[in-house]
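What follows is the residue order along each chain.
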Amino acid sequence: MNAEAAASLAGVKDADRKHVFHSWSAQELIDPLAVAGAAGSYFWDYEGKRYLDFSSALVYTNIGYQHPKVAAAIAEQAGKLCTVAPGFAVDVRSEAARLIAERTPGDLDKIFFTNAGAEAVENAVRMARLHTGRPKVLSAYRSYHGATSTAINLTGDARRFGNDTATAGVVRFWGPYLYRSPFHATTEAEECARALTHLEDTIVFEGPQSIAAIILETVGGAPGVLVPPAGYLAGVRELCDRFGIVFVLDEVMVGFGRTGTWFAADNWEVTPDLICFAKGVTSGYVPLGGVAISAAIAETFARRPYPGGLTYSGHVLACAAAVATINVMEEEGVVAQSARTGAELLGPGLRALAERHPSVGEVRGLGTFWALELVRNRETREPLVPYNAAGADNAPMAEFAAACKKGGLWPLVAGNRLHVAPACTITPHDVAKGLEILDGALTAADAHVV
């Protein structure tokens, strides 16, 4: 590293340590990597070391870093109009809404813009409660819906623990997860049927007349890329219709090509009443989220004011990024590429790794969204680390992650799982390179197999 780069690195690290308060962290126990730049599927540090990003930042750089057309669109919009209040009709905001609505399933043709995914969840739940006049919302264990007040209380993983007020009107249920079935199922069909029976029982015993909404991640992201079995989402749709409950799908992580379709719901041909989106809609270049709203719920607020809004709702720079991102995805066939990459490269490649490494208990996913569940013992399925592990208890996963980084791969590790979520535009060459690095890094996990 030359003197100039060393000075820049030192300045960035010093300012970060003194002034940046990082999320989900004990501030004195972390040492964030200083990133100097990024392009495509890679970012690099001040020493020039390049990392193949198998996390897409936080699962949002769907078209990769620094796509020139999106960067140019943001710059062009900044030169024309940097900002305007959300109450005005603006060309780029209208166009972003139109492009999103054209790609949502069914009649979800109205778009309420937010700044991010958690705010989308907050507003979707508010809409459902006002539309139905009911207070309760059902959400699944093993879920993540965001870190704002309602969203974190809807969340079904350990990040909720320090924030749980027990006053949010949330009731949780077990969703399908055949590898660790809470229903003692042995087949996908059994898991689906028993999960739906459990959900129906929960509805009945909670009182359908009190339930405004059921919210689900279409594919569970943070909980481990939990792909629902065939028939499950359709079954939830039927239960919602039968009991007058609003069906909300959280597609913040899986929308806009991540699973090989524009929205993950398209994989099962299911239409919810509300869809929450964010992340991939702009490839993360400028923060933007939103709720796609069905005609029936939009009608509730046709002559009744909706009691919600945000200062930066539909910010024009974010909308310019969304328009450019969606157009790039269309022009470059990114959604179809994501589907092919999953079916032809990532799926087969990850399954081949599982055959060679006894620490891999299960491979699951679709498109450019996969997970390896790492275990100490394939027969007992004991996780490589305990639930919500930290410190010494999490050492095996920390060793595995360190081996990935040493090899030039940036992993997304959560609990006992590796989430594989590269850019939807990743090349076959880079998929092969990433799998090769994983092959070596998994030996660190294998060392803990018993």
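What counts and how
- Residues numbered from 1 in each chain as written.
- Predicted model: local features only at pLDDT ≥ 70, side-chain atom pairs only at ≥ 80, totals over all residues.
- Heavy atoms only, no water.
- Helix = DSSP H or I, 4+ residues; strand = E, 2+ residues; numbered from the N terminus.
- Rg over C-alpha atoms; globule rule 2.2 N^0.38 Å.
- Buried < 20%, exposed > 50% of the residue type's maximum accessible area, 1.4 Å probe, protein only.
- Contact = heavy atoms within 4.5 Å.
- Areas by Shrake-Rupley, 256 points an atom, 1.4 Å probe, with all protein chains shown as cover.
- Lys, Arg positive; Asp, Glu negative; His and termini not counted.
- Charge placed at Lys NZ, Arg CZ, Asp CG, Glu CD.
- Phe/Tyr/Trp six-rings, centres within 6.5 Å; stacked < 30°, edge-to-face > 60°.
- Lys NZ or Arg CZ within 6 Å of the ring centre and 35° of its normal.
- Disulfide = S-S within 2.5 Å.
- Pairing = 2+ DSSP bridges.
- Right-handed = clockwise from strand over helix to strand, strands pointing away.
- Expected span 1.5 Å × (residues − 1).
- Polar contact = N/O pair within 3.5 Å; in protein donor to acceptor, adjacent residues only side chain to side chain.

J.: What am I meant to see in the overall build of the protein chain here?
T.: Helices and strands together make up the secondary structure of the protein chain, namely 13 helices and 16 strands. Expected size for 450 residues packed as a compact globule is a radius of gyration near 22 Å; at 22 Å, the protein chain falls within 12% of this value. Expressed along its principal axes, the backbone C-alpha trace of the protein chain runs to roughly 65 × 60 × 40 Å. Split into buried and exposed, the 450 residues of the protein chain put 53% on the buried side. Sequence-distant contacts in the protein chain: of pairs separated by 6 or more residues, those separated by 24 or more amount to 71%. Per element, the accessible surface of the protein chain, about 19,000 Å² overall, is 55% carbon and sulfur. Once the 38 positive and 48 negative side-chain charges of the protein chain are each reduced to a mean point, those two points are 3 Å apart.

J.: Teacher, can you tell me more about the packing of aromatic side chains here?
T.: Pairs of aromatic rings are described using the distance from one ring centre to the other and the angle between the two planes. A complete count under the given rule lists eleven aromatic pairs for this structure. The interplanar angle of 70° and the centroid separation of 5.6 Å between the aromatic rings of F43 and W410 together place this pair among those described as edge-to-face. Of the two residues, F43 sits in strand β2 (residues 42-45) while W410 sits in strand β14 (residues 409-410), which places them 367 residues apart along the sequence. By the ring-pair criterion, three or more aromatic residues cluster together here, those being F43, Y51, Y65 and W410. Sitting above the plane of the W410 ring, K405 keeps its charged end 4.4 Å from the centroid.

J.: Whenever I open this one, the state of the cysteines confuses me. Can you help?
T.: One way to say it: the disulfide is the covalent bond shared by the sulfur atoms of two cysteines. Counted under the stated rule, the structure contains zero disulfides. This cysteine, C240, is not joined by any disulfide, and C276 carries the nearest cysteine sulfur, 14 Å off.

J.: Teacher, can you tell me more about the pairing of strand β8 (residues 246-250) here?
T.: For β8, a buried count of five out of five residues is recorded, marking the element as mostly surrounded by other parts of the structure. Burial of the side chains of β8 extends over both faces: V246, V248 and D250 are buried on one face and F247 and L249 on the other. Of the pairings in the sheet, the one linking strand β7 (residues 211-217) to β8 comprises five bridges and is parallel in character. When the bridges of β8 are listed, A213 appears paired with V246. Crossover β7 to β8 through helix α8 (residues 232-243) is right-handed. The sheet contact formed by β8 and strand β9 (residues 274-277) spans three bridges and is parallel. Residue pairing for β9: V248 is matched across the bridge by L274.

J.: What exactly am I supposed to notice about helix α1 (residues 3-19) here?
T.: Every α-helix carries 3.6 residues per turn, so stepping three or four residues along brings you back to the same face. Here α1 spans 24 Å end to end across 17 residues, near enough to the 24 Å set by a 1.5 Å rise per residue. Its side-chain oxygen 2.6 Å from the backbone nitrogen of A5, N2 forms the N-cap of α1.

J.: Any chance you could explain the environment of R364 here in plain terms?
T.: Here R364 lies in strand β11 (residues 360-366). Sequence separation between R364 and L33 is 331 residues; the distance between their C-alpha atoms is 29 Å. Those residues in contact with R364, other than ones at most four positions away along the chain, are Y177, Y179, G224, V225, L226, F369, W370, A371, E373 and R417. A polar side-chain atom of R364 sits 3.5 Å from a polar atom in the side chain of Y177. Of the polar contacts made by the side chain of R364, one reaches the side chain of E373; its length is 2.8 Å.

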